[in-house]
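Residues per chain are reported as follows:
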Amino acid sequence: MQHAVSFAEDIQKEVKTVESFSITDTGRMRDSNQDSVFCDENAIGSFPNLFLVADGMGGHNAGDLASKTGIEAFVESIRESHRRTPISAMEDAVETANNAILKKSFEDPHYSGMGTTLVGMMIEEDTVFIVNIGDSRLYRIRGSIEQITTDHSLVEEMVMSGEIGKDQMRTHPNKNIITRALGTTPHPRPDFFDIRAREGDVYLLCSDGLSNMLDDREIEALIREEERPLSEIGKDLIDRANEAGGKDNISAVLVKI
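Here goes a summary of the coordinates provided.

Another aspect to go through is the pattern of salt bridges. Per the counting criterion, the structure on display carries 14 salt bridges. Residues R217 and D215 are paired through a salt bridge, measuring 3.6 Å at the closest nitrogen-oxygen approach. For R217, a relative accessible area of 66% translates into the label exposed. Through salt bridges with shared partners, a single network forms among R228, E232 and D236.

Right, dumping it as structure tokens:
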């Protein structure tokens, strides 16, 4: 189990102070961890902070390489970006990450077909900027829990078409089939969001190793328990997911304003 905690003061007066915690775990049924996380409350280029979760896919350690490559390339792109808006900087970073993964998959046949999900956020002034591709999720807890991102997955499409109910997604046999990812096509199709931030908001970025093991109400209950450090909440989320079966790698990044 790996985890990191950091606390930062305002970078500028208009930037909200945030507290964050990141944790990733192999789970109980996997031999290796193909998830990667990035958690930094300090400035990355023009971004005052940046938080990412990636869930890799592919055999022969390709998933591990894909998630790490994607996050490293995304962060470096943000660090060097001179784009005028956060969303345009994120768009460039997605393209850079996608190309970096494709390049490695072309260089070694063992890595052919590898890819990764990616969900990320940045908070600037009173706005949260979000990027998502795949089925890793971002939740906001403000009184109650709300899933902000939409899964790019077969079961999500089945829910949208009315074929299955939302409560059937976690247990459906096709729940791991994703319809969009980085590294699987020259032209990735991520979603971008910008939402208003409030003091007291808690944001959770997670891989499906968490959301497939715990339903939204269980996640909400753990996060809304009495005021306590994000590190305790994060570790409890991992422990509960493992107690529920730990069938996949489990990653979570918690951010509180």
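L50, L52, F74, I78 and L118 are the most contacted members of the largest nonpolar core, which has 26 residues in total. Per-element tally for this core: the top contributor is helix α1 (residues 62-80), with seven residues. Discounting residues that sit within four places of it in the chain, F74 has contacts with L50, L52, M90, A93, V94, A97, L118 and V131. By size, the runner-up hydrophobic cluster in this structure holds 22 residues, among which are Y139, V202, I219 and L222.

What follows is about the packing of helix α5 (residues 216-224) against helix α6 (residues 230-243). It is at 9 Å that the axes of α5 and α6 come closest, and there the two elements cross at 150 degrees. Relative to α6, the element α5 is oriented roughly antiparallel. α5 and α6 meet at a crossing whose hand is right-handed. Contacts between α5 and α6 pair I219, L222 and I223 from the former with I233, D236, L237 and R240 from the latter.

Of the voids in this model, the largest pocket is the one considered here, and its volume is about 360 Å³. Around the largest pocket, the lining is made up of 15 residues, and of these R30, Q34, G56, M57 and D248 lie nearest the centre. Ranked by residues supplied to the lining of the largest pocket, first place goes to strand β4 (residues 50-57) with three residues. Broken down by class, the residue content of the lining of the largest pocket amounts to two nonpolar, seven polar and six charged.

Looking now at α6. The terminal C-alpha atoms of α6 lie 20 Å apart, and with 14 residues this matches the ideal 20 Å at 1.5 Å per residue to within 8%. Taken together, the buried positions of α6 are L230, I233, G234, L237, I238, A241 and N242. Buried residues along α6 sit against β2 (19-25), β11 (202-206), α4 (208-211), α5 and β12 (250-256). Remark: G245 follows α6 within two positions and exhibits a positive phi of approximately 140 degrees.

What follows is about the side chain of D35. The residue D35 is located in strand β3 (residues 35-40) in this model. No salt bridge is formed by the buried D35; the nearest opposite charge belongs to R30, separated by 8.4 Å. Within the structure, D35 has its side chain in polar contact with the side chain of S207 (distance 2.9 Å). Among residues more than four places away in sequence, those in contact with D35 are T24, A54, D55, G56, S67, S207, N249, I250 and S251.

Conventions adopted
- Residues numbered from 1 in each chain as written.
- Predicted model: local features only at pLDDT ≥ 70, side-chain atom pairs only at ≥ 80, totals over all residues.
- Heavy atoms only, no water.
- Salt bridge = Lys/Arg side-chain N within 4 Å of Asp/Glu carboxyl O.
- Buried < 20%, exposed > 50% of the residue type's maximum accessible area, 1.4 Å probe, protein only.
- Core = buried A, V, L, I, M, F, W, Y, C linked by side-chain atoms within 4.5 Å.
- Helix = DSSP H or I, 4+ residues; strand = E, 2+ residues; numbered from the N terminus.
- Contact = heavy atoms within 4.5 Å.
- Axes fitted to C-alpha atoms, helices over the stretch in contact; angles between N-to-C directions.
- Parallel < 35°, antiparallel > 145°, perpendicular 65-115°, else oblique.
- Left-handed = near helix turned anticlockwise from the far one by under 90°.
- 1 Å grid on protein atoms, 1.4 Å probe; cavity = no way out; pocket = protein on both sides within 12 Å on 5 of 7 lines; lining within 4 Å.
- Points joined across faces, edges and corners; volume = space filled by probe spheres on them.
- Nonpolar A, V, L, I, M, F, W, Y, C, P; charged D, E, K, R; others polar.
- Expected span 1.5 Å × (residues − 1).
- Lys, Arg positive; Asp, Glu negative; His and termini not counted.
- Polar contact = N/O pair within 3.5 Å; in protein donor to acceptor, adjacent residues only side chain to side chain.

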